[in-house]
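Coordinate inspection notes
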Amino acid sequence: MDLLADRGRRVSLEELNTSRLLAHARKQAVQRKLDDILIVDVDGHHYENECYDDFLPLIENEVLRQLILSGRAKGRQTLMPSQVSFQDMGGRITRYPMRSSEKTGPGKLRDVELGHRWMDAMSIDYSCLFPTMLLAVGMHPSVEMEIELCWAYNRWLTERMLPEADGRLYSMLSLPLSDTDEALRQVETFGHRKHVGGFMVTTVRSHMAVNDNAYMKVYRAIEERGLVLSFHSGPNWGEPIFKSCNRFLSVHALGFTWYNVLHLTNW
């Protein structure tokens, strides 16, 4: 099976390999002697949507778990609010449609091996991973779903993926900030686990502002554990202020700035 790029270049599915894809990055890293420098990627991203089958069974609510797994089995379930995106540049960024074709060896978690490949290519010693699809979890119409998705993913990440990464992968776990008690429970449950550097608030959200006093117990619990509190923004074309934007690129560029500016101003 081949992928035909817009400019007519035909790429075989068997061709995709992260190490080969980043061969020029590896060459530059060697030329610049980057292997001799400690490099930490503080904003790596994990495609957690490729691991739904692994962590969705960890959802605690039995009713929601049954509804979600049943819907996925029948191909009719979408977990996150729909968002228009053109980040694959019309197919020109081939790693998006071809990621599933990349082969990995036995004995190591696929996500870990793929992570190590791009880290090695760019001489990155450590990477702090954030989710990708779950960055929109603050816009979910169901607070229960935000809680359950964060819990299941955080549990899978700390029990399965991070322990297999040879100490090179860390994470700031997603907080279900729509419910302060649940957010606190996840800090208390996962905050002590190895390779957890802190917690992350998705700043694209439709509920309380992050400076609300109700959150102070959550922030205090993070502070007491010596962990980092981070804020990750994102695009949202449905936001009234961005509805006049005529390109996704405009929404992406402005949105990443705006939501953090908004919350920092309130704070």
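I will try to describe carefully the structure that is included in this document. These numbers come from a predicted model, not from an experiment.

Definitions and cut-offs
- Residues numbered from 1 in each chain as written.
- Predicted model: local features only at pLDDT ≥ 70, side-chain atom pairs only at ≥ 80, totals over all residues.
- Heavy atoms only, no water.
- Helix = DSSP H or I, 4+ residues; strand = E, 2+ residues; numbered from the N terminus.
- Pairing = 2+ DSSP bridges.
- Axes fitted to C-alpha atoms, helices over the stretch in contact; angles between N-to-C directions.
- Contact = heavy atoms within 4.5 Å.
- Salt bridge = Lys/Arg side-chain N within 4 Å of Asp/Glu carboxyl O.
- Buried < 20%, exposed > 50% of the residue type's maximum accessible area, 1.4 Å probe, protein only.
- Arc of directions from axis to C-beta.
- Parallel < 35°, antiparallel > 145°, perpendicular 65-115°, else oblique.
- Nonpolar A, V, L, I, M, F, W, Y, C, P; charged D, E, K, R; others polar.

1. Thoughts on unusual backbone geometry
We note that Lys 33 has phi near 55°; this positive angle belongs to a residue other than glycine. Residue placement: Lys 33 occurs in the loop between helix H2 (23-31) and strand S3 (40-46). Even without glycine at this site, Ser 123 takes up a positive phi of about 60°. With respect to the helices, strands and loops of the structure, Ser 123 is situated in the loop between helix H6 (110-121) and strand S4 (126-131).

2. As for the sheet that holds strand S7 (residues 228-232)
Taken in spatial order, the five strands line up as S3-S4-S5-S6-S7 in an open sheet, and their pairing is parallel. Every interior strand has two partners, whereas the edge strands, S3 and S7, have only one. Taking each pair of neighbouring strands and ignoring which way they run, the sheet shows an average axis angle of 35°. Examined bridge by bridge, S4 and strand S5 (residues 169-174) share three bridges and lie parallel to one another. Bridge pairing links Cys 128 to Tyr 170 in S5. Against the sheet, helix H8 (residues 180-190) engages S5 and strand S6 (196-202), with an angle of about 165° to S6.

3. Things to note about the pattern of salt bridges
On inspection of all chains with the given rule, the structure shows 14 salt bridges. With a shortest N-O distance of 2.8 Å, Arg 117 and Glu 113 are connected by a salt bridge. Of this pair, Arg 117 and Glu 113 both sit in helix H6, four residues apart, which is roughly one turn of that helix. Pair check on accessibility: Arg 117 and Glu 113 agree, each one buried. A salt bridge links Asp 181 to Lys 217; its shortest N-O distance comes to 2.5 Å. One end of the pair, Asp 181, is in helix H8; the other, Lys 217, is in helix H9 (residues 216-224), with 36 residues separating them in the sequence. Because the salt bridges share partners, they merge into one network encompassing Glu 60, Glu 182 and Arg 185.

4. Observations regarding H9
For H9, the set of buried residues is Val 218, Tyr 219, Ala 221 and Ile 222. For H9, the arc enclosing every buried residue in end-on projection is 155°, short of the 170-degree limit, so these residues lie on one face. Summarising the geometry of H9, the exposed residues directed more than 90 degrees from the buried face are Glu 223 and Glu 224. Buried residues along H9 sit against H8, S6 and S7. Gly 226 sits one or two positions beyond H9 and adopts a positive phi of about 70°.

5. Describing the packing of helix H7 (residues 143-161) against H8
Running from N to C, H7 and H8 cross one another at 5°; their axes reach a closest spacing of 11 Å. Classed by the angle they form, the pair H7 and H8 counts as roughly parallel. Here Ile 147, Cys 150, Trp 151, Asn 154, Arg 155 and Thr 158 of H7 lie close against H8, whose contacting residues are Glu 182, Arg 185, Gln 186, Thr 189 and Phe 190. Of the residues contributing to the contact of H7 with H8, the split by class is four nonpolar, four polar and three charged.

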